Amino acid sequence: MSSPLPWLTALVALPALVVAASFLRVSVERLRGFALSAAAVMLLGSLAVAIDPAMRTVVLRSSMLGAVPGGEALIRIDALSSALLPFAAGLWLLTASVTPRASLDRGGLRRTALATMLTLLSFLTESAIALLVLWVASVWTFLSAIADPVHVRQRRVVAAYMGISTLLFAIGVALIVWPMAHGTPVEVAGMWLIVVAALIRKGIFPFHAWVPEVFDHGRLGPAILFSAPQLGAYVTVILIVPRASPEVLRLIAILALGTAVYGAALALVQNSARRACGYLFVSQSALIMAGLDGTSVSAMAGGLLLWVSAGIAFAGLARCVLVLEARRGRLDLSINHGGYERMPVLAISFLAMGLACTGFPGTLGFAGQELLVDGAVDAFPVLGFAVVIASALTGLAVLRMYFALFCGRRDVLADTGINLGLTRREAWTFALVVIALVGFGLAPRPIVDSRFTASEEILRQRELRTSIAGEAENAEISHPAIAEAQRRPN
Amino acid sequence: MASLEVLMLVGIGTPAGLLLVLALTSLLNRPLLEQWTGRLAAVAMTVSCAAIGSALVLYGTAASGTVLVSYGYWSTAHEGGIAIEFLLDGMSLAFATLTAAIAGIVAAFSNRYLHREPGYNRYFVLFAMFVTGMLLVALAGNVEVLFAGWELVGLSSALLVAFFHERPAPVANALRVFSVYRISDAAMLSAAVLLHHVAGSGSLSLLFGNAETSAIAGLSTANATAIALLLVVAAAGKSALLPFSGWLPRAMEGPTPSSAVYYGSLSIHAGCFLLLRAGPLLEQTTPVRVLVGAIGLATALFSTLVTRVQSDVKSSLAYASLTQVGIIVFEIALGLYTIAFLHLAGHACFRLLQFLSAPNVLHDLHGLESAAGERIGPMAARVELMIPERLRRQLYLVALERGFLDALLDRAIVEPFHRVTGLMGRLDAFLCDFVLQRAPSLLVEVADDRDE
């Protein structure tokens, strides 16, 4: 591949093409077929980006954004983003493939493609201003997805939480990119605002209450697509980790560790499958955040690995719930629904993906969980064990969900000849997700290595920033020089 | 020692391969025919048993010391990553051989016992997972591999308890069993992490190889005690020692072959094996060693009482197993490692036979009574009569209620947990409402503008 730029453009163009096609007069099934093909091509293309080191040379700077400290490369691919691109593509493929027909109409396909494009673009940039624009657009897309009269309360909840977080993010970005603010308390205040915005977006205690509410009573599909890519984690890595003091990062990690246990404990006692999914997301999201505290390479690599593994596994798990709901209506976990015989593939996939979320041995999550717990205990000798407790509770919650959803009285419809089982497409998609999670779990070295490389890069950049800022303070270097020096070396 | 390594790999690889094949075909909704599953299981278990047995013979004849087989790190970028290591010594190979032999016997038994059972294929998937997990536990060279095996054993156990999942009781009991296993798993993972953290290594040969030269020799008393306590909790959860014994009768809901292999012979002894491995650590921490001894003795006394009043043969056998497990743990606390290991191996084989013949117990008893020409009563009736009547009644009540252990755990853990999570749930609802009420009205208007 001589120049990676056309390749990247093609990747971004794929969801854009689906968005454009959604305005044409094609049937929804055809459009879905096109979206599936585009997602599959995007996944393969982004895997090529992840595998080929030559692709990671892309850096595109904007003269307008490059002049300010918050405006680094507008488009770039590095070790961090190389694994996030296939992750975003995988989420799109999963969504387009297994979302029930009734939930994915023309508008749904359009929003899904748009959300994927925004996610992809977010993972390609490290510019604070570009991230802000994409952040606003993704919130807007999510609000559009729940713009029906049935979901008034959930829309208001999302608007309140995401509105506040977006405002804080916008002010924070304005403060950190303001040239006069560099090195002053104003920049620190801006960074704090971004921290709070990221915590809200990621659903970290005490800003997490929107997640279970939206998962339970809102539309689950768009909620998964909005949450699973973890844009809040990306903002943390790109904007907070390189700038924040160790104390700020420690505070984030402590909040995240507490939230991981909190979410897992509540997931265990829910009677609504959707709400349990919401709390599982809160717990998983917090575990990822706990790894990003920037104190150790191992914890950060664990967090980055969990981001991908738990992200895919969680999205698959929640999609399983959606698929079941399409056949049975709302799912109550206080009774056993049965139906294993009718949908063994879904049952096995649900359990495997749930276990992958908890870091079960043999799945990709295991390596991430081990690295994370190791790093967390290094940083917090007592509190670090929260990861272990969260993992234990999550495992229990997943098994309880599995028993309630698939075990119980033999399904009376199992032998009637009425086909309420999975479609072939759904079955293959779930099976492939499980195979990927287990396959990478048995041979995790390539992805673990890439996460370590990403982790080292992030921490190197943090050290560079800290040392340059220290030197600048001593030598009273003028601001543009600092800005230039702070740019990532290529 | 290359041949030893190959034999070990074949020994672990065959059940792992069986697991992959059966799980993959189930996942793709193309389960193998019963006869093919049975044949594959028979071949895999035979090959595994032969390979590991040969490895034991080879190891014995070569008279070599401990062999550590390392397959490198899961990451090349970071040396402190998770290593895949196996430890081959007399104890590990003997336990692995015992595991493989028992697994082979149970596989053959299950093949007939579960003939035409709807969950036949599922049973063998879980059975292969169990055997893989047990072999990993037996041959683990570091705590990570040990933990991986430990988790596989736990999950397969819970899912086999819920094997007859159309009935509510097995499912509820499986969740209960799994919840105790999660406590055990969490303790094991915590011990592993703490070992890495304070000893700088997770290698079992380095940690527990030799009391004087091992890495744990340099540990502070507090750290050594903490690690030892965590390992004791892990072992107690897995082996149903007090105060976790309540899950054992619940686990009897599974099919008889799985009860035999888990709660009669292998899984129930996994905790004992862990304590045997951690013997040098226990020697360093006298208070924990005393605690282990007390737990072992108390478990043995408790179980021998409870087993006498059980009304079904499987529960009675399970508590009888637990009596012996308690004694084995007591032997470990006394430092009688060789005796403990021999006791473990002998008991595993004996109890396996009892469990597998349990479905025929009435038939056998009738045969015995016909031959004897009189009714055969309980053997220990005379011993019980030696206890004063008042105390006997109280003990009878305690035994009938299985020591009130479930109620105690419910009160100590489950009820407070529900109270706390109830409060947390209310807090979440309050936070959501609070933000909704206090959010700038502009935001709510924006939301309402989206109304189609």
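So, how was this worked out
- Residues numbered from 1 in each chain as written.
- Chains lettered and ligands numbered in written order.
- Predicted model: local features only at pLDDT ≥ 70, side-chain atom pairs only at ≥ 80, totals over all residues.
- Helix = DSSP H or I, 4+ residues; strand = E, 2+ residues; numbered from the N terminus.
- Buried ≥ 20, exposed ≤ 12 C-beta atoms within 10 Å, placed from the backbone.
- Contact = placed C-beta atoms within 7 Å.
- Rg over C-alpha atoms; globule rule 2.2 N^0.38 Å.
- Nonpolar A, V, L, I, M, F, W, Y, C, P; charged D, E, K, R; others polar.
- Core = buried A, V, L, I, M, F, W, Y, C linked by C-beta atoms within 7 Å.
- Domains from an automatic or database assignment.
- Axes fitted to C-alpha atoms, helices over the stretch in contact; angles between N-to-C directions.
- Parallel < 35°, antiparallel > 145°, perpendicular 65-115°, else oblique.
- Left-handed = near helix turned anticlockwise from the far one by under 90°.
- pLDDT = per-residue confidence, 0-100.

**A word on the overall build of chain A**
Then, in step 1: Check the secondary structure of chain A and you find 20 helices and two strands.
Then, in step 2: Residues counted as buried form 63% of the 490 residues belonging to chain A.
Then, in step 3: Contacts in chain A between residues far apart in sequence, at least 24 positions, make up 80% of those at least 6 positions apart.

**Some words on the overall build of chain B**
Then, in step 1: Check the secondary structure of chain B and you find 20 helices and two strands.
Then, in step 2: Computed over C-alpha atoms, the radius of gyration of chain B comes to 25 Å, within 12% of the 22 Å expected from 2.2 N^0.38 for 452 residues, which places it in the range of a compact globule.
Then, in step 3: Judged by the C-alpha coordinates and their principal axes, chain B covers about 90 × 60 × 55 Å.
Then, in step 4: A total of 452 residues make up chain B; the buried ones form 51% of that total.
Then, in step 5: For chain B, contacts bridging at least 24 residues in sequence account for 74% of all contacts bridging at least 6.

**Thoughts on the environment of Leu114 of chain A**
Residue and element names in this part refer to chain A.
Then, in step 1: Note on placement: Leu114 falls in helix 5 (residues 106-124).
Then, in step 2: For Leu114, a count of 21 C-beta atoms within 10 Å gives the class buried.
Then, in step 3: The spatial distance from the C-alpha of Leu114 to the C-alpha of Ser272 is 30 Å, given a sequence separation of 158 residues.
Then, in step 4: Discounting residues that sit within four places of it in the chain, Leu114 has contacts with Pro15, Val19 and Thr141.

**As for the interface of chain A and chain B**
Then, in step 1: At the junction of the two partners, chain A supplies 62 residues and chain B supplies 51 residues.
Then, in step 2: A per-class count over the side of chain A that touches chain B returns 42 nonpolar, eight polar and 12 charged.

**Some thoughts on the nonpolar core**
Then, in step 1: Counting residues in hydrophobic clusters, the biggest one holds 350 residues, and the most contacted among them are Ala260, Ala290, Met353, Val387 and Leu437 of chain A together with Leu139 and Val329 of chain B.
Then, in step 2: Ranked by residues supplied to this core, first place goes to helix 14 (residues 297-328) of chain A with 21 residues.
Then, in step 3: Mapped onto the domain boundaries, this core takes at least three residues apiece from domain 1 (2-356) and domain 3 (404-449) of chain B.
Then, in step 4: Excluding anything up to four places from it in sequence, Leu437 of chain A contacts Ser309, Ile312, Ala313, Ala352, Met353, Ala356, Thr363 and Leu364 of chain A.

**A few points about unusual backbone geometry**
Then, in step 1: For the bond running from Phe205 of chain A to Pro206 of chain A, omega is 5 degrees, close enough to zero to count as cis.
Then, in step 2: Cis geometry marks the peptide bond from Leu242 of chain B to Pro243 of chain B, where omega comes out at 5 degrees.
Then, in step 3: Among the secondary structure elements, Pro243 of chain B is positioned in the loop between helix 8 (221-239) and helix 9 (247-250).
Then, in step 4: A positive phi is found at Gln230 of chain A, a non-glycine position, where the angle reads about 65 degrees.
Then, in step 5: Inspection of the secondary structure assignment puts Gln230 of chain A in the loop between helix 10 (220-227) and helix 11 (231-240).
Then, in step 6: The class of Gln230 of chain A is buried, set by 26 C-beta atoms lying within 10 Å.
Then, in step 7: Located in the positive-phi region is Arg116 of chain B, a residue other than glycine, with phi close to 65 degrees.
Then, in step 8: With respect to the secondary-structure elements, Arg116 of chain B resides in the loop between helix 3 (90-113) and helix 4 (120-139).

**Digging into the domain arrangement of chain B**
Then, in step 1: According to the domain assignment, chain B consists of domain 1 (2-356), domain 2 (363-400) and domain 3 (404-449).
Then, in step 2: Of note, the centres of domain 1 of chain B and domain 3 of chain B, computed from C-alpha atoms alone, are 39 Å apart.

**What about the packing of helix 2 (residues 34-62) of chain B against helix 3 of chain B?**
Residues and elements named next belong to chain B.
Then, in step 1: Put simply, helix 2 and helix 3 touch, their axes get as near as 9 Å, and they point 160 degrees apart. In terms of their interaxial angle, helix 2 and helix 3 are classed as roughly antiparallel. The two elements helix 2 and helix 3 meet at a crossing, and its hand is left-handed. Contact residues: Gly38, Ala41, Ala42, Met45, Thr46, Ser48, Cys49, Ile52, Gly53, Ala55, Leu56 and Tyr59 in helix 2; Gly90, Leu93, Ala94, Ala96, Thr97, Ala100, Ala101, Ala103, Gly104, Ala107, Ala108 and Asn111 in helix 3.
Then, in step 2: Residue composition of the contact of helix 2 with helix 3, by class: 16 nonpolar, eight polar and no charged.

**Concerning the packing of helix 14 (residues 313-334) of chain B against helix 15 (residues 337-356) of chain B**
Residues and elements named next belong to chain B.
Then, in step 1: In contact at an axis separation of 9 Å, helix 14 and helix 15 are set at 175 degrees when each is read in the N-to-C sense. On the basis of their axis angle, the class for helix 14 and helix 15 is roughly antiparallel. Within the contact between the two elements, helix 14 uses Leu317, Ser321, Gln324, Ile328, Glu331 and Ile332 and helix 15 uses Tyr337, Ile339, Ala340, His343, Leu344, His347, Arg351, Gln354 and Phe355.
Then, in step 2: Residue classes in the contact of helix 14 with helix 15 are distributed as eight nonpolar, five polar and two charged.

**Description of helix 9 (residues 210-217) of chain A**
Then, in step 1: By the criterion of burial, helix 9 of chain A is predominantly enclosed, with seven of the eight residues buried.
Then, in step 2: Buried within helix 9 of chain A we find Trp210, Val211, Pro212, Glu213, Val214, Phe215 and Asp216 of chain A.
Then, in step 3: Buried residues belonging to helix 9 of chain A abut helix 7 (152-177), helix 10 and helix 13 (273-291) of chain A together with helix 19 (405-438) of chain B.

**Some thoughts on the confidence of the model for chain B**
Then, in step 1: Confidence along chain B averages 87 in pLDDT terms, with 92% of residues attaining 70 or more.
Then, in step 2: Model confidence for the complex: the whole-complex pTM is 0.91, and ipTM, which rates the interface, is 0.92.

**Structural notes on the confidence of the model for chain A**
All names here are of chain A.
Then, in step 1: Per-chain confidence: chain A averages 85 in pLDDT, with 88% of residues scoring 70 or above.
Then, in step 2: pLDDT under 50 marks residues 66-71. Its contacts with residues more than four places away, or in other chains, come to 19 contacts.
Then, in step 3: Note on residues 476-490: pLDDT is under 50 here. Beyond four places in sequence and across chains, it has 16 contacts.

**Regarding the environment of Leu306 of chain A**
All names here are of chain A.
Then, in step 1: Within the fold, Leu306 resides in helix 14.
Then, in step 2: On the basis of neighbour counts, which here come to 32 C-beta atoms within 10 Å, the residue Leu306 falls in the buried class.
Then, in step 3: Sequence separation between Leu306 and Leu287 is 19 residues, and the spatial gap between their C-alpha atoms is 8.0 Å.
Then, in step 4: When near neighbours in sequence (up to four residues on either side) are disregarded, Leu306 contacts Leu287, Ile288, Gly291, Gly365, Gly368, Gln369 and Leu372.

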